[in-house]
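# Remarks on the overall topology
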Amino acid sequence: MKLLLDTHIFLWLNASPEKITEAVRLACENENNALYLSMASVWEMQIKQQLGKLQFNTPWRDMLDIQQQDNGLIVLPIELAHIEALQALPAVHRDPFDRLLIAQAIQESMTIVTVDGSFAEYPVSIIA
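Residues numbered from 1 in each chain as written. Predicted model: local features only at pLDDT ≥ 70, side-chain atom pairs only at ≥ 80, totals over all residues. Heavy atoms only, no water.

### Points about the environment of glutamine 67
Tracing the backbone shows glutamine 67 in helix H4 (residues 60-71). Between the C-alpha atoms of glutamine 67 and leucine 37, which are 30 residues apart in sequence, the distance is 10.0 Å. The contacts of glutamine 67, once residues within four sequence positions are left out, are Phe10, Asn14, Gly72 and Leu73. (Helix = DSSP H or I, 4+ residues; strand = E, 2+ residues; numbered from the N terminus. Contact = heavy atoms within 4.5 Å.)

### Some remarks on the pairing of strand E1 (residues 2-5)
For E1 and strand E2 (residues 34-38), the ladder comprises four bridges, and the chain directions are parallel. If you follow leucine 3 over to E2, its bridge partner there is leucine 35. Direction of pairing for E1 relative to strand E4 (residues 111-113): parallel, over a ladder of three bridges. Note that in E4 the partner of leucine 4 across the bridge is isoleucine 112. (Pairing = 2+ DSSP bridges.)

### A few points about the side chain of histidine 82
Note that histidine 82 resides in helix H5 (residues 80-85). For histidine 82, a relative accessible area of 1% puts it in the buried group. Engagement of the side chain of histidine 82 in a polar contact is seen with the side chain of glutamine 104, the distance being 3.4 Å. Excluding residues within four positions of it along the chain, histidine 82 makes contact with Pro77, Leu100, Ala103, Gln104, Gln107 and Glu108. (Buried < 20%, exposed > 50% of the residue type's maximum accessible area, 1.4 Å probe, protein only. Polar contact = N/O pair within 3.5 Å; in protein donor to acceptor, adjacent residues only side chain to side chain.)

### A few points about the pattern of salt bridges
Overall, the coordinates contain four salt bridges when judged by the stated rule. For the salt bridge of lysine 48 with glutamate 44, the shortest nitrogen-to-oxygen distance reads 3.1 Å. Of the two residues, lysine 48 and glutamate 44 both sit in helix H3 (residues 39-50), four residues apart, roughly one turn of that helix. Note on glutamate 44: relative accessible area 6%, which makes it buried. Each of the salt bridges in this network shares a partner with another, and the network as a whole consists of Glu22, Arg25 and Glu29. (Salt bridge = Lys/Arg side-chain N within 4 Å of Asp/Glu carboxyl O.)

### Focus on the packing of aromatic side chains
With the rule as written, the count across this model stands at one aromatic pair. Here the aromatic rings of tryptophan 43 and phenylalanine 97 are separated by 5.5 Å at their centres, their planes lie at 90°, and the arrangement is edge-to-face. Note that tryptophan 43 is positioned in helix H3 and phenylalanine 97 in helix H6 (residues 96-108), a separation of 54 residues in sequence. Accessibility expressed as a relative area gives 15% for phenylalanine 97, which makes it buried. (Phe/Tyr/Trp six-rings, centres within 6.5 Å; stacked < 30°, edge-to-face > 60°.)

Read these as layout, nothing more, since geometry by itself doesn't imply function.
Here is the structure:
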């Protein structure tokens with residue numbers, strides 16, 4: 001299964017694993033699952049850090065490198081098809097980063113790993 005990590009899940013895996021549910025932990029540890037992080041999440045982390053809304057004990061780039069080396073994390077680029085897919089999404093969720101994750105998950109047949117309940121309003125598989 002291809003798992004697309006929501007930004008908070010990626011951060012929790014690195015800095016606050018106690019916040020992760022058993023279902024999320026098991027899914028992320030399953031060697032049959034591929035872990036993905038959207039470039040949208042990387043962009044979101046950088047913006048929030050620059051605005052002072054997010055602070056890291058370990059720089060986000062180092063966290064990304066560690067996850068790529070240790071867990072085979074793949075950075076999912078943003079493609080034109082992902083942007084086009086946004087048009088078909090109902091306006092339930094207003095966060096542009098989350099909307100892009102949803103569009104990517106739909107386009108790439110991925111399961112989103114998130115605790116954000118509003119994702120359930122969209123036709124996408126979720127592990128929470």
